[in-house]
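This is what each chain is made of:
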Amino acid sequence: MNTAWMNIAAGTGAGAAGLIVAGVVIAAVLVGAFWLGVRVMRRESPAPTPEQQPRPPEGGPVREVRESREPHEVPQSERRLTPHEMPAHGNAGTRTGAPKERPRWDEGSSGSFGSGGAGGR
């Protein structure tokens, strides 16, 4: 019976030594990662000072512009045009169109389908 306990004790000592070695390796990796992070942060440019921060325009903040936009018409041709044959190589812009009444949120409505509000009236 005495030898059985010695075998268990010997196995436990080896397991404990393995756990201690694993703990030391993990701690070394964490310290190395911290050290590497400090080195990387030192190489980065410093944070901007309050004087370097962006400022709003002199006229105040920019407001929303509501306008209807319409695409430029595609030139009519007897054959199909490829993008490089179109004006601006197929990247035609838009132009201001006639104002249109857009649907807006209705006061007293939930604004969402099926939300249980009084939207149907």
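Residues numbered from 1 in each chain as written. Predicted model: local features only at pLDDT ≥ 70, side-chain atom pairs only at ≥ 80, totals over all residues. Heavy atoms only, no water.

It is worth spelling out the overall build of the protein chain at this point. Of regular secondary structure, the protein chain possesses one helix and two strands. Tracing the protein chain from N to C terminus, the helices and strands come up as α-β-β. A total of about 11400 Å² of accessible surface is found on the protein chain, and carbon and sulfur atoms cover 62% of it. (Helix = DSSP H or I, 4+ residues; strand = E, 2+ residues; numbered from the N terminus. Areas by Shrake-Rupley, 256 points an atom, 1.4 Å probe, with all protein chains shown as cover.)

This paragraph deals with the confidence of the model for the protein chain. Summary statistics for the protein chain give a mean pLDDT of 78 and a share of 71% for residues scoring 70 or more. Across the protein chain, the element-wise mean pLDDT spans from 79 in strand 2 (residues 94-96) up to 83 in helix 1 (residues 2-43). (pLDDT = per-residue confidence, 0-100.)

Looking at the secondary structure, you find Ser 68 in the loop between helix 1 and strand 1 (69-71). Taking the relative accessible area as the measure of exposure, Ser 68 reaches 16% and is therefore buried. Those residues in contact with Ser 68 that sit more than four places away from it in its chain are Arg 95, Thr 96, Gly 97, Ala 98, Pro 99 and Lys 100. (Buried < 20%, exposed > 50% of the residue type's maximum accessible area, 1.4 Å probe, protein only. Contact = heavy atoms within 4.5 Å.)

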